[in-house]
Number of protein chains: 2
Amino acid sequence: MPMDREHCIAMGRTCVAYNLRRASRLVSQVYDQALKPTGLKVTQFSLLVSFVLAPGSKMAQLAQWLGMDRTTLSRNLRVLEKRGLVDLEQGQQDRRELKVRITPEGKKVFEQATPLWLQAQEEVVGGIGQERWAELAKELRSLVASLK
Amino acid sequence: MPMDREHCIAMGRTCVAYNLRRASRLVSQVYDQALKPTGLKVTQFSLLVSFVLAPGSKMAQLAQWLGMDRTTLSRNLRVLEKRGLVDLEQGQQDRRELKVRITPEGKKVFEQATPLWLQAQEEVVGGIGQERWAELAKELRSLVASLK
DNA sequence: CCATACTTGATGTATATACACGTAATGTGA
DNA sequence: TCACATTACGTGTATATACATCAAGTATGG
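These figures come from a predicted structure and were not determined experimentally. (Residues numbered from 1 in each chain as written. Chains lettered and ligands numbered in written order. Predicted model: local features only at pLDDT ≥ 70, side-chain atom pairs only at ≥ 80, totals over all residues. Heavy atoms only, no water.)

K.L.:
Account for the relation of the copies chain A and chain B, naming residues and giving values.
P.N.:
The operation relating chain A to chain B is a screw motion whose rotation component is 180°, with 0.0 Å of axial translation and a residual RMSD of 0.0 Å. Expressed as a symmetry operation, the mapping of one chain copy onto the other fits a two-fold axis. When you check the interface residues of chain A against chain B, 100% turn up at the interface there too, and the contact is symmetric in its surfaces. (Least-squares fit on C-alpha atoms with pLDDT ≥ 70 in both. Contact = heavy atoms within 4.5 Å.)

Right, dumping it as structure tokens:
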């Protein structure tokens, strides 16, 4: 397996993991910066969105939907719980289950964060234009879907 | 700022940070799995690539190039150094500088990892096809470039 | 009903990531 | 030369991420 310059340049240009990680690092910083007044990181904001969308979801279900390891979600949730933004309640029938619900305080912070999110969103999307991003997002979803 | 279902669904579909983070999580797992026999994660592999490409680079320079915070690179490097895959040497003229160089052991592991990387790469790219990925990667680079 | 498999979530451990801040070395202007 | 800004890197702290493993609850086949 060759290790010459050309090859390394090609790997850098084509490696899916590298290109996605790099982009997500840089993009996340823009959102995190914008959300700073709320004390939320974009990861946490995304979680709140999903709790509003699917109130009372089970953790495993959410993790699957978010494409996130169960244990990652578990730990990310604890941060929000500590801040009082979500409520974790044990399942009635199945006592193994934990159902996640956003609290009133969580909703308040979420509503405060939404315009800041929009600001970052417009800044980032504006860089390449809405249509190109829409197409890019579609392709990204295809890529993710093909991994299953 | 509205918080209804429609709006949340739209945020999930369009949020650049969320979509990139999700994709990079899932894709990274494929590469990490493939690289497991080498004990490298794809992040570390990417770093090795850059050291082969630009031997003796300064840390700040590398961080800029990789779109990574200086302190992140610093800590990621320590892991590779502990394993003896890279060598950190103090600059001659400017004693603040740290120059990074891959070791013979590092090269060995890198060469062992390269075919495993290719395996993951083909698996992931194969999901949508080479042309679509090439276009996607180009658009991703545009997006990243527009953030500067 | 019981043994066993499966499911659900938590913990231990390790890396990845970045911001705020600190320290040491270098540059610069008076 | 000396005070001060600047630059290069590290540390403290906190979150994000996932694998291996564990504990507890539930389902299932006999």
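What follows picks up the thread again.
K.L.:
Before we move on, could you go through the protein's contact with DNA strand C and cite the residues and values that matter?
P.N.:
Near DNA strand C lie 29 residues; those nearest to it are Gln29(A), Arg70(A), Ser74(A), Arg78(A) and Arg96(A). Counting only atoms of DNA strand C within 4 Å of the protein, the sugar-phosphate share comes to 62%. Here Ser74(A) contributes a side-chain N or O atom positioned 2.4 Å from a phosphate oxygen of DNA strand C. Note that a base nitrogen of DNA strand C is positioned 2.9 Å from one of the side-chain N or O atoms of Arg75(B). At the level of elements, helix H2 (16–35), helix H4 (59–66) and helix H5 (70–82) of chain A together with helix H3 (42–53) and helix H5 (70–82) of chain B are the ones that each hand at least two residues to the surface near DNA strand C. Counted by class, the surface near DNA strand C contains five nonpolar, nine polar and 15 charged residues. (Near = heavy atom within 4 Å. Polar contact = N/O pair within 3.5 Å; in protein donor to acceptor, adjacent residues only side chain to side chain. Helix = DSSP H or I, 4+ residues; strand = E, 2+ residues; numbered from the N terminus. Nonpolar A, V, L, I, M, F, W, Y, C, P; charged D, E, K, R; others polar.)

K.L.:
Break down the protein's contact with DNA strand D for me, with residues and values.
P.N.:
Not every one of the 29 residues close to DNA strand D is listed here, only the nearest: Arg96(A), Arg70(B), Ser74(B), Arg78(B) and Arg96(B). Each atom of DNA strand D within 4 Å of the protein belongs either to a base or to sugar and phosphate, the latter forming 62%. Here a base nitrogen of DNA strand D and a side-chain polar atom of Thr71(A) are 3.0 Å apart. Taking Met59(B), its main chain carries an N or O atom lying 3.5 Å from a phosphate oxygen of DNA strand D. Sorting the residues of the surface near DNA strand D by element identifies helix H3 (42–53) and H5 of chain A together with helix H2 (16–35), helix H4 (59–66) and H5 of chain B as the ones contributing at least two each. Across the surface near DNA strand D, the residue classes tally to five nonpolar, nine polar and 15 charged.

K.L.:
Residues and numbers for the interface of chain A and chain B, please.
P.N.:
Taken residue by residue, the interface counts 61 residues in chain A and 61 residues in chain B. In total, about 6200 Å² of surface goes out of reach between chain A and chain B, with carbon and sulfur atoms giving 70% of it. Summed over the shared surface of chain A and chain B, the result is two salt bridges. Where chain A touches chain B, the interface holds 26 residue pairs in polar contact (both at pLDDT 80 or more). Looking at the side of chain A that touches chain B, the elements with two or more residues in it are helix H1 (5–14), H2, H3, H4, helix H6 (104–126) and helix H7 (130–145) of chain A. (Buried area = accessible area lost by both parts, 1.4 Å probe. Salt bridge = Lys/Arg side-chain N within 4 Å of Asp/Glu carboxyl O.)

Geometric descriptors of this kind do not, in isolation, establish any biological role.
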